[in-house]
Amino acid sequence: MSIGDPRSATRILLVEDEAIVARDLTERLQGLGYHVLGTAATGKEALALAESTRPTLVFMDITIQGPIDGVETAKRLFSRMDVPIVFVTAHMDTGTIQRAKQAGPYGYLIKPLEEKEIITTIEMAVTRHRRDVPARLIEQAIASAGIGVVLASAHDPAAPITMCNSAFERMSGYKAAEVVGRSPWFMEGEGTSQ
């Protein structure tokens with residue numbers, strides 16, 4: 001890899017509580033030209049290290065030491081730093097996958113890892129995260145707006161609501177969970193307050 005290689009600009013934080021696995025994966029990632037910022041064995045360590053190093057991407061084992069597992073750590077990292085997470089795990093059971101999906105990962109790799117899968121997953125996660133920046137900024141702006149905002153899908157004939165902000169919840173008395181997926185037209189007609 002050359003110094004100008006885009007891989008060297010990808011700074012990875014590795015969260016893995018098995019020292020041998022962490023060392024092996026660190027060496028593999030570095031051998032592929034990625035910059036490994038460090039490793040953490042617990043959620044608490046991961047949060048602290050991420051805040052001090054500002055990674056481009058986090059490789060997160062789901063089952064790590066400590067009171068918070070990898071899924072909860074990933075949720076906290078993404079909400080605090082907006083950093084993409086790739087889960088790296090030996091677990092393929094439906095329950096684990098469903099829990100992992102709640103954290104909004106940008107990838108899910110099954111151990112043992114293949115070099116091509118590592119490269120492809122990293123490149124896709126970083127590219128997708130960069131591409132999604134405008135959408136995340138719009139979502140944050142809508143969420144913090146002082147006026148009620150409801151978004152509905154124009155691609156569906158029923159125009160289901162896809163998002164509403166807290167100002168809309170206060171104004172209408174409806175919670176997001178009650179309106180997301182419904183047509184906005186349910187708020188018109190008899191029995192509804194103007």
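Heads up: these notes are all about the structure in this document. In this text the structure is predicted, and so the values were computed from the model without any measurement. (Residues numbered from 1 in each chain as written. Predicted model: local features only at pLDDT ≥ 70, side-chain atom pairs only at ≥ 80, totals over all residues. Heavy atoms only, no water.)

### Considering the overall build of the protein
- For the protein, the count of helices and strands is eight helices and seven strands.
- Taken over the C-alpha atoms alone, the protein extends approximately 65 × 40 × 30 Å along its principal axes.
- Relative to its 194 residues, the protein shows a buried fraction of 39%.
- In the protein, the share of contacts with a sequence separation of at least 24, taken over all contacts with a separation of at least 6, comes to 52%.
- Here the protein carries 20 positive and 24 negative side-chain charges, and the mean point of each set is 3 Å from the other. (Helix = DSSP H or I, 4+ residues; strand = E, 2+ residues; numbered from the N terminus. Buried < 20%, exposed > 50% of the residue type's maximum accessible area, 1.4 Å probe, protein only. Contact = heavy atoms within 4.5 Å. Lys, Arg positive; Asp, Glu negative; His and termini not counted. Charge placed at Lys NZ, Arg CZ, Asp CG, Glu CD.)

### With respect to the packing of aromatic side chains
- Applying the stated criterion across every chain, the model contains three aromatic pairs.
- Here Phe-78 and Tyr-106 contribute two aromatic rings whose centre-to-centre distance is 6.4 Å and whose plane-to-plane angle is 40 degrees, an arrangement assigned as tilted. Linking Phe-78 in helix α3 (residues 70-81) with Tyr-106 in the loop between α4 (94-102) and β5 (107-110), this pair joins segments that are 28 residues apart in sequence.
- For the ring pair Phe-87 and Tyr-108, a centre distance of 6.4 Å and an interplane angle of 65 degrees mean the geometry is edge-to-face. Residue Phe-87 is found in strand β4 (residues 85-89), and its partner Tyr-108 is found in strand β5; the two are separated by 21 residues along the sequence.
- The class of Tyr-108 is partly exposed, set by a relative accessible area of 25%.
- Lying over the aromatic face of Tyr-106, Arg-128 brings its terminal NZ or CZ to 4.0 Å of the ring centre.
- The ring centre of Phe-186 lies 3.8 Å from the NZ or CZ of Arg-182, which sits over that ring. (Phe/Tyr/Trp six-rings, centres within 6.5 Å; stacked < 30°, edge-to-face > 60°. Lys NZ or Arg CZ within 6 Å of the ring centre and 35° of its normal.)

### A word on the environment of Pro-160
- With respect to the helices, strands and loops of the structure, Pro-160 is situated in the loop between β6 (150-152) and β7 (161-164).
- With 132 residues separating them along the chain, Pro-160 and Arg-28 place their C-alpha atoms 45 Å apart.
- If sequence neighbours within four positions are ignored, Pro-160 has contacts with Leu-151, Ala-152, Ser-153, Gly-181, Arg-182 and Ser-183.

### Looking at helix α2 (residues 43-53)
- If you check which residues of α2 are buried, you get Gly-43, Ala-46, Leu-47, Ala-50 and Thr-53. Down the axis, α2 shows its buried residues gathered within 150 degrees of arc, on one side only. Projecting away from the buried face of α2 at angles above 90 degrees are the exposed residues Lys-44 and Ser-52.
- Tucked into the core, α2 has its buried residues touching β1 (11-15), β2 (35-40) and α3. (Arc of directions from axis to C-beta.)

### A word on the side chain of Asp-61
- As for its position among the elements, Asp-61 is in the loop between β3 (57-60) and α3.
- Classification of Asp-61 by relative accessible area gives buried; the value is 4%.
- A polar contact is formed between the side chain of Asp-61 and the side chain of Lys-111, at a distance of 3.5 Å.
- Setting aside its immediate chain neighbours within four residues, Asp-61 contacts Val-15, Glu-16, Asp-17, Gly-70, Val-88, Thr-89 and Lys-111. (Polar contact = N/O pair within 3.5 Å; in protein donor to acceptor, adjacent residues only side chain to side chain.)

### As for the pairing of β5
- Burial along β5 is one-sided: Gly-107 and Leu-109 are buried, while Tyr-108 and Ile-110, pointing the other way, are not.
- Direction of pairing for β4 relative to β5: parallel, over a ladder of four bridges. Each bridged residue has a counterpart across the sheet, and for Val-88 the counterpart in β5 is Leu-109.
- A crossover connection joins β4 to the parallel β5 through α4; in handedness this β-α-β unit is right-handed. (Pairing = 2+ DSSP bridges. Right-handed = clockwise from strand over helix to strand, strands pointing away.)

Structural measurements only, silent on function.
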